[in-house]
Amino acid sequence: MKLIRAATITVANVKAAAALYAEWLDYSVVEEGVVEADLAASWGSPESAGEPYAVLRPASGADNYIRFVGGKPVPGYKPLTTFGWQAIEICIQDVHAVNERMERSPFKIIGPPKEIPGLPTIHPMQVMGPEGEVVYLTHIKGDLPDYDLPRAASFIDKLFILVLGGSDMQGTKAWFANTLGLKAGRDMDIVYTMLNDSFSLPDTTTHTLCTMIHERDCFLELDQFPAAATPRPQHEGALPPGFAMGTFKHPDFDGIKGDWITPPVARSSVVYAGGRVGTLRDPDGTLVEVVEAL
């Protein structure tokens, strides 16, 4: 059971964002429209009702999605400095070839290709889109002992990890375990260059992170954010700016032990495929949308 279903990103111009990802990441629009009032209410974001949206699928045809939803820019919002969803991670076939493409694109390279010490199977890079969204582009060369990793079936392929930064990683880890029944991987302390840059910390500063796992599927990264991080500013009643919400399938929907923002209902969007769907908030208030796996 591969549990990532979608990442929802708030943007000022949905059509421009969709065109950018089509041109440079080879994604294509599979659904578009406006957000219905009851769906916006299920996100705790009634002011997002009526906003345009577009759902995009990777060139491989993989069954997970990037969804752009319209929203007004939020003064004072700076990526990688506030609690909530931080980045999407996409698997790719050749990190150096993708880096060459990104050098010609409107994306800003914030982390050039770099091998991770002790993890020879993973070769990532990171970029930031024009609206501040952070995208990890990762070439996967093999599996790890405790879990499997996907291989890209197209030059730039699907989401395989969503990254969440919070005020209390241990508390967030416990919430995902207790609420969704996920298992945690080991904690790791790494030199996290992007966080050090975002918070003007010394280059050698380390940060703690862990992964969350279902069976042998590793799909969620939790980062402990520095003490200087703050709650994310947002327009009242609207989706948060940037990477606003992660959506996951769940194999035991009736067993979820959480407080739904509104009662789950079946929905027909391509993201939901007729399953029941509802939205929860993690301890920092981050939106976690869950879809019944049919």
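Up top is the structure.
Just so it is clear, the model here is predicted, and its values are computed rather than measured.

Rules used throughout
Residues numbered from 1 in each chain as written. Predicted model: local features only at pLDDT ≥ 70, side-chain atom pairs only at ≥ 80, totals over all residues. Heavy atoms only, no water. Helix = DSSP H or I, 4+ residues; strand = E, 2+ residues; numbered from the N terminus. 1 Å grid on protein atoms, 1.4 Å probe; cavity = no way out; pocket = protein on both sides within 12 Å on 5 of 7 lines; lining within 4 Å. Points joined across faces, edges and corners; volume = space filled by probe spheres on them. Nonpolar A, V, L, I, M, F, W, Y, C, P; charged D, E, K, R; others polar. Pairing = 2+ DSSP bridges. Contact = heavy atoms within 4.5 Å. Axes fitted to C-alpha atoms, helices over the stretch in contact; angles between N-to-C directions. Buried < 20%, exposed > 50% of the residue type's maximum accessible area, 1.4 Å probe, protein only. Arc of directions from axis to C-beta. Polar contact = N/O pair within 3.5 Å; in protein donor to acceptor, adjacent residues only side chain to side chain. Salt bridge = Lys/Arg side-chain N within 4 Å of Asp/Glu carboxyl O.

Peer 1: Can you help me understand unusual backbone geometry in this one?
Peer 2: Residues apart from glycine generally show negative phi values, whereas peptide bonds are mostly found in trans. A positive phi angle, near 65°, is found at L80, a position not held by glycine. With respect to the helices and strands, L80 occurs in the loop between strand 4 (65-70) and strand 5 (84-92). Although it is not a glycine, A273 adopts a positive phi angle of roughly 55°. Tracing the backbone through its elements, the reader meets A273 in the loop between strand 15 (265-266) and strand 16 (276-281).

Peer 1: Quick question: what am I supposed to make of the environment of K15 here?
Peer 2: The residue K15 is located in helix 1 (residues 14-25) in this model. Residues K15 and H250 lie 235 residues apart in sequence; the distance between their C-alpha atoms is 30 Å.

Peer 1: I keep staring at the layout of surface pockets and nothing clicks. Help me out?
Peer 2: In this approach a probe as big as a water molecule rolls over the atoms, and the regions it shows empty are the leftover space. Its boundaries defined by the atoms lining it, the second largest pocket holds a volume of some 320 Å³. Lining the second largest pocket are 19 residues, and of these T10, G71, K72, P73 and V74 sit closest to its centre. Grouping the constituent residues of the lining of the second largest pocket by class yields 9 nonpolar, 6 polar and 4 charged.

Peer 1: Help me understand the pairing of strand 3 (residues 52-57) in this model?
Peer 2: Taken residue by residue, a regular strand's side chains alternate between the two faces of the sheet. Pairing analysis gives 6 bridges linking strand 2 (residues 28-34) to strand 3, with the strands arranged antiparallel. The residue bridging V34 from the neighbouring strand is P52, located in strand 3. Two elements, strand 3 and strand 4, share 4 bridges in a ladder whose sense is antiparallel. Paired with A54 across the bridge in strand 4 is F68.

Peer 1: Explain the sheet that holds strand 3 here, please?
Peer 2: The pairing of strands in a sheet comes from backbone hydrogen bonds and takes either a parallel or an antiparallel form. Strand order in the open sheet made by the 8 strands is 2-3-4-1-14-17-16-15, with mixed pairing throughout. On the outer flanks of this sheet lie strand 2 and strand 15, each paired with one strand and no other. In this sheet, strand 16 lies alongside strand 15 in antiparallel orientation, the contact comprising 2 bridges. Bridged to V265 within strand 16 is V277. Sitting on the sheet, helix 1 is in contact with strand 1 (4-11), strand 2, strand 3 and strand 4, with an inclination near 155° to strand 4.

Peer 1: Looking at this model, I keep getting lost on helix 3 (residues 95-103). Mind explaining?
Peer 2: It helps to recall that an α-helix has 3.6 residues per turn; residues three or four apart then point in one direction. Of the positions making up helix 3, those classed as buried are V95, V98, N99, R101 and M102. Angularly, the buried residues of helix 3 cover 160° about the axis, an arc narrow enough to put them on a single face. Opposite the buried face of helix 3, by more than 90 degrees, sit the exposed residues H96 and E103. For helix 3, the elements touching its buried residues are helix 1, strand 5, strand 6 (108-111), strand 7 (122-128), strand 8 (134-140) and strand 9 (156-166). One side-chain oxygen of the residue at the start of helix 3 lies 3.1 Å from the amide nitrogen of H96, identifying that residue as D94.

Peer 1: I'm lost on the environment of P240 in this one. Help?
Peer 2: Turning to its location among the elements, P240 is positioned in the loop between strand 13 (217-224) and strand 14 (242-250). Note on P240: relative accessible area 11%, which makes it buried. Setting aside chain neighbours within four positions, we find P240 in contact with T10, R232, Q234 and L287.

Peer 1: What should I look at first to understand the pattern of salt bridges in this one?
Peer 2: Should their charged atoms come close, side chains of opposite charge can pair. Enumeration according to the criterion identifies 10 salt bridges in this entry. Notably, a salt bridge pairs D254 with R276, separated by 3.0 Å at the nearest N-O pair. A residue pair is termed long-range when its members are at least 10 positions apart, and D254 in the loop between strand 14 and strand 15 and R276 in strand 16 qualify at 22 residues. What makes D254 exposed here is its relative accessible area of 61%. Under the relative-accessibility criterion, R276 is labelled partly exposed at 26%. In this structure, the salt-bridge partner of E292 is R276, at a minimum N-O distance of 3.1 Å. With a gap of 16 residues between them, E292 in strand 17 (residues 287-292) and R276 in strand 16 connect regions that are remote in the sequence.

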